[in-house]
Amino acid sequence: MKSVDWHCLEVDEALLRLDASRDGLKDAQAKERLLDHGPNAIAEKPQRSIVVLLASQFSDFMIVVLIIAAVISGFIGELQDTIAIIVIVVLNAVIGAVQEFRAERAVAALRKMAAPEASLLRGGEVVTLPAVEVVPGDVVLLETGNMVPADMRLIEVEEMEADESALTGESEPVGKTEACLAEADLPLGDRRNLVFKGSTITRGRGRALVSATGMDTEIGRIAGMLGGEEGGKTPLQIRLARFGRYLALAVLAICAVVFTAGLFQGQPIMLMFLTAVSLAVAAIPEALPAVVTISLAFGARTLSRHKALVRNLPAVETLGSVTYICADKTGTLTENRMTAERFFTRGEWHPSQPRAEAGAPWSELCRAMALSNDVAQMDGKPNGEPTELALYEAAVSAGFEKDRLEGELPRVGNLPFDSERKQMTTLHRAAEGGVLAYAKGAPERILGQCVDALGSDGPDAFEPEKVLAEATRMASQGYRVLGVARRAFDDMPDVSDAKAVERQLTFLGLVALIDPPRPEVPEAVASCRTAGITPVMITGDHPGTAAAIATRLGIMAKKDAVLTGRQLESMPDEHFDGVVASVKAYARVTPEQKLRIVKALQARGEFVAMTGDGVNDTPALKRANIGVAMGLKGTDVAREASDMVLLDDDFATIVRAIRVGRRIFDNIRKFIKYTMSSNSGEIWTLFLAPFLGLPIPLLPIHILWINLVTDGLPGLAFSAERAEPGIMDRPPRPPQESIFAHGMWQHIVWVGLFVGGISIMTQAWAISRNVEYWQTMVFTVLTMSQLFHALAVRTEKASLFAIGLFSNLPMLGAVLITFILQAAVIYVPAFNDIFHTQPLPLFDLSVCLALSSLILFAVEIEKWLVRRGLIYSPGR
């Protein structure tokens, strides 16, 4: 059945294909088909348990390296380091698992589209059943407000319209017909004799023959596409995996070099083995996974306060590297509701709504908008077809209440809208006698029925050609334009004769309606451009509407062209790959084409964020490097495919999320700079001392202690660092760019040499004085210099003295606690035996602190040079 073009079949042929009748199926037939086809439901991905989520946290390469390090530490007898590493790894896993578990539960709570009930015919009788029991061949009764339970071929239609925006991206309701259509490859939005599962009937009533259920529906087909699309790895995952591989090789090299150097100096083999292994363990930044996870969790918490739910924790940082945002128009860039935005009377357009006191023809145009519609109150709120709701709301805003007006001018008849006449007319009993008819519809129809136009002092002559040209001009800008007119009758006319009623009308005005852009989006688009991010609009809507909205939002220039789905379909991949970077708006595209666009951009090395709320967005949401779904108007399928859900559907939240993502990456990078520079200092100290004729400066336990206390609290405190100044004024980092770019590797080398030089100088000076505690002094200088370095690298360019010590209180607290711990190791007798330390006199402690602080001032000089563009690559 999936291969049948149901829209090309006559009703009787469709009934024959499904072995059905206009009276519906027999109960026995329905039960048999339910067994054959299964329930009418979309297959759901099973929820992952907390145990599975916890286990998945241990697959990262750096975590594996840490576990190996823990095993080695235990093997050489350093159980305290083994315990520390295991605690950090488990804590990291728990934080990540809990965050993802909570996100999955929150998404489950958003599942509001419980299977509705459906009214259908069974054996000629009307029955109401759960929609999951609907089967192919059933005849379903549809009326205004119903949710369509399955894909169906319409067999009877009475002025029906359906909202299919979630599936097709078409913002306006689609008029329906039961007539057979000739063209087989029509887009879904143009298959006017079909209705689709998940859409809503906004006007009229009818009967429809179920042609597909469950996963065989258009929604089900799209949901099935998700299984074949794997989400891309985040830039952070790519960079950290590369960093982990290089680090593992470097650790092996460190072991070999230090071990060999010690043997050449005549050191005991076991001591050098323990020293080399301890140094290798110390070279691994075991706090890195925790820093990454906590930074991402803090970012997710920050975004949750801005109504953004993060489902996939690493995706928080991905936003910081996004180069393209492919945004769905309907409901994402626009409000997904029609609005009467401009009004034409007396030969000119007016951008604001008329007021009641404005006089004719304004007052009469507003009266017509209020009366000539079928909007009704439901649960205290106006309910009706979107276009009529827009006219109703415009009239209410101008002071024309429908209920009050209907009391003065009660409706006595109407001619409903139909696709042939393209208009609607209502008739009302006037208080002074007679009947007033108000008509609205397609401008070319209304204008052809008018003989004059209402002016300030009564009917005036008018030029319908000029008015029609204005209507055409506004339609080309993406507006839906309606003409409004009236006629006075002495007596009630015959409403069965539409031609007699809808002629000799007096023209009142034009109303231009549009699904307006969200007010916050233009600023968000401008922020994206400033940040080096290219926004692209992808929609299933008409090209004219797409061009109008994209131009208004600043996504594309007026001279730019919109690429349509049909043009894209006929375009070879090689040609499309060459032009994809220049296209800023797409219209009338299918789900497969949205996917093709995302893939083409990714093939060019772009990192793509896809936003959307409809079922038609989900394959591209899944494929994109980060998928962002809408929480309020979004569909369940879209939310399941996304990495992040905007709970308030606010596009501007994406820009805030990008800022958070960039801050997270900056802070992770600062931690890597800090810890690798510190480890480099330890390596240079141990490596160079033997070549200078000095004894091994540190014992294995000293190395492991420095590694534990300096990588621990100070390292974690980097996750609380504020955003760099101008963070949104720089382009995204290329995903393939090394994490050591922009001067980081140079910083690691020179800081390591600087700290190593200070440590060796301290060692040589202390030995020359014949003091027994020379090793404690080296131990202290190495530890304290790393704390001063942590303060220095809190910013990339700005001086610490400019941002202040108190701008990151967790960091200040971490430094103070670490200093107290180091003092305890030096001065508490119980620790002296464990760590082989000796108390330092105040003078020597002061010298150690003074020498350690030199790194702070050295890094401040480096940042001064960076600010002036004298060193390292530009682009920060």
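Colleague: Got a minute to help me understand the overall build of the protein chain in this structure?
Modeller: When its secondary structure is counted, the protein chain shows 34 helices and 26 strands. Taking all 876 residues of the protein chain together, the buried fraction comes to 57%. For the protein chain, the exposed surface amounts to about 35200 Å²; the carbon and sulfur share of it is 59%.

Colleague: I tried to follow the pairing of strand S24 (residues 608-612) on my own but got confused; where do I start?
Modeller: The side chains of a regular strand alternate between the sheet's two faces. Of all the five residues making up S24, five are buried; the element is thus mostly covered by neighbouring parts of the structure. The alternating pattern of S24 places Val608, Met610 and Gly612 and Ala609 and Thr611 on opposite faces, both of which are buried. In this sheet, strand S25 (residues 626-630) lies alongside S24 in parallel orientation, the contact comprising four bridges. Note on S25: the bridge partner recorded for threonine 611 is valine 628. The β-α-β motif built from S24, the intervening helix H24 (residues 618-623) and the parallel element S25 has right-handed crossover chirality.

Colleague: For this particular structure, what's the right way to read the packing of helix H30 (residues 774-792) against helix H32 (residues 809-827)?
Modeller: The description of two packed helices rests on the angle between their axes and on the distance between the axes. Where H30 meets H32, the closest approach of the two axes is 10 Å, and the angle between their N-to-C directions is 175 degrees. The angle between H30 and H32 places the two elements in the roughly antiparallel class. Judged by residue contacts, Thr776, Phe779, Thr780, Thr783, Met784, Leu787, Ala790 and Leu791 of H30 engage Met811, Val815, Thr818, Phe819, Gln822, Val825 and Ile826 from H32.

Colleague: How should I be thinking about the side chain of serine 642 in this particular structure?
Modeller: Position of serine 642 relative to the elements: it lies in the loop between helix H25 (636-641) and strand S26 (644-646). A distance of 3.5 Å separates the side chain of serine 642 from the backbone oxygen of methionine 644, its partner in a polar contact. If sequence neighbours within four positions are ignored, serine 642 has contacts with Arg311, Gly627, Val628 and Ala629.

Colleague: Even after reading the chapter, I still don't get the packing of helix H26 (residues 652-691) against H30, so can you show me in this structure?
Modeller: Two numbers describe how H26 lies on H30: the axes approach to 10 Å, and their chain directions differ by 160 degrees. If you check the angle between H26 and H30, you find them roughly antiparallel. Considering how the two elements wind past one another, H26 and H30 form a crossing that is right-handed. In this structure, H26 uses Lys673, Tyr674, Ser677, Ser678, Gly681, Glu682 and Thr685 to contact H30, whose residues at the interface are Val778, Leu782, Gln786, His789 and Ala790. Classifying every residue of the contact of H26 with H30 by side-chain character gives four nonpolar, six polar and two charged.

Colleague: Mind showing me how you'd approach the pattern of salt bridges here?
Modeller: Oppositely charged side chains can pair when the atoms bearing their charge come close. Counting across every chain of the model gives 34 salt bridges. Residue glutamate 470 pairs with arginine 473 through a salt bridge whose shortest N-O separation is 2.8 Å. Placement of both glutamate 470 and arginine 473 in helix H17 (residues 464-476) is noted, with a separation of three residues, approximately one turn of the helix. Here arginine 473 falls in the partly exposed class, since its relative accessible area comes to 35%. Residues lysine 673 and glutamate 796 are paired through a salt bridge, measuring 3.4 Å at the closest nitrogen-oxygen approach. Of the two residues, lysine 673 sits in helix H26 while glutamate 796 sits in the loop between H30 and helix H31 (800-803), which places them 123 residues apart along the sequence. This pair shows no difference in class: lysine 673 is buried, exactly as glutamate 796 is.

Colleague: For this particular structure, what's the right way to read unusual backbone geometry?
Modeller: What you tend to see is this: most non-glycine residues have negative phi, and most peptide bonds are trans. You will see that arginine 588, though not glycine, has its phi angle at about 55 degrees, which is positive. Mapped onto the elements of the fold, arginine 588 is located in the loop between strand S23 (585-587) and helix H23 (591-603). Phi is positive for histidine 836, close to 55 degrees, though the residue is something other than glycine. With respect to the element layout, histidine 836 can be found in the loop between helix H33 (829-835) and helix H34 (842-867).

Colleague: I'm lost on the packing of aromatic side chains in this one. Help?
Modeller: The relative placement of two aromatic rings is captured by the distance of their centres and the angle of their planes. Under the defined criterion, the tally for this structure stands at ten aromatic pairs. Aromatic rings pair up to connect Phe671, Tyr674 and Phe718 into one cluster. Positioned over the ring face of tryptophan 765 is arginine 769, at 4.3 Å from the centre of the ring.

Colleague: When you look at the nonpolar core in this model, what are you seeing that I'm missing?
Modeller: Ranked by size, the top nonpolar core spans 130 residues in total, and within it Ile325, Phe507, Met644, Phe651 and Ile672 carry the most contacts. The element that contributes the greatest number of residues to this core is H26, accounting for 14 residues. The next biggest cluster of nonpolar side chains, apart from the first, holds 27 residues, and it includes Leu405, Ala430, Tyr438 and Leu508.

Colleague: Teacher, can you tell me more about the sheet that holds S26 here?
Modeller: Within a sheet, each strand pairs with its neighbour through backbone hydrogen bonds, oriented either parallel or antiparallel. The mixed open sheet is built from eight strands, whose spatial order is S8-S26-S25-S24-S9-S21-S23-S22. Looking at strand neighbours, the two that pair on one side only are strand S8 (308-310) and strand S22 (563-564), the edges of this open sheet. Taken strand by strand, helix H20 (residues 543-553) contacts strand S21 (534-538), S22 and S23, and its axis lies near 155 degrees from that of S23. H26 rests against S8, strand S9 (324-328), S24, S25 and S26 of the sheet, and its axis sits at about 140 degrees to S26.

Colleague: Is there a simple way to explain the environment of alanine 657 in this structure?
Modeller: Structurally, alanine 657 is set in helix H26. Its relative accessible area of 0% is what places alanine 657 among the buried residues. A C-alpha to C-alpha distance of 9.1 Å links alanine 657 and alanine 300, two positions 357 residues apart in sequence. Non-local contacts of alanine 657, meaning those with residues more than four positions away in its chain, are made with Leu303, Val316, Leu319 and Met644.

Colleague: Got a minute to help me understand the pairing of strand S10 (residues 339-345) in this structure?
Modeller: Burial analysis of S10 places six of its seven residues in the buried class, which makes it a mostly covered element. As judged from the five bridges shared by S10 and strand S20 (residues 505-514), these two strands associate in the antiparallel manner. Its bridge partner being in S20, arginine 342 is matched across the sheet by alanine 512. For S10 and strand S11 (residues 348-350), the ladder comprises three bridges, and the chain directions are antiparallel. Note that in S11 the partner of phenylalanine 343 across the bridge is histidine 350.

Colleague: What am I meant to see in the side chain of threonine 534 here?
Modeller: Take threonine 534: it is sitting in strand S21. The buried category is assigned to threonine 534, whose relative accessible area is 18%. Excluding anything up to four places from it in sequence, threonine 534 contacts Thr323, Tyr324, Ile325 and Lys584.

Colleague: How should I be thinking about the environment of leucine 688 in this particular structure?
Modeller: Structurally, leucine 688 can be placed in helix H26. Each C-alpha atom of the pair leucine 688 and alanine 261 lies 9.2 Å from the other, and the pair is 427 residues apart in sequence.

Definitions and cut-offs
- Residues numbered from 1 in each chain as written.
- Predicted model: local features only at pLDDT ≥ 70, side-chain atom pairs only at ≥ 80, totals over all residues.
- Heavy atoms only, no water.
- Helix = DSSP H or I, 4+ residues; strand = E, 2+ residues; numbered from the N terminus.
- Buried < 20%, exposed > 50% of the residue type's maximum accessible area, 1.4 Å probe, protein only.
- Areas by Shrake-Rupley, 256 points an atom, 1.4 Å probe, with all protein chains shown as cover.
- Pairing = 2+ DSSP bridges.
- Right-handed = clockwise from strand over helix to strand, strands pointing away.
- Axes fitted to C-alpha atoms, helices over the stretch in contact; angles between N-to-C directions.
- Parallel < 35°, antiparallel > 145°, perpendicular 65-115°, else oblique.
- Contact = heavy atoms within 4.5 Å.
- Polar contact = N/O pair within 3.5 Å; in protein donor to acceptor, adjacent residues only side chain to side chain.
- Left-handed = near helix turned anticlockwise from the far one by under 90°.
- Nonpolar A, V, L, I, M, F, W, Y, C, P; charged D, E, K, R; others polar.
- Salt bridge = Lys/Arg side-chain N within 4 Å of Asp/Glu carboxyl O.
- Phe/Tyr/Trp six-rings, centres within 6.5 Å; stacked < 30°, edge-to-face > 60°.
- Lys NZ or Arg CZ within 6 Å of the ring centre and 35° of its normal.
- Core = buried A, V, L, I, M, F, W, Y, C linked by side-chain atoms within 4.5 Å.

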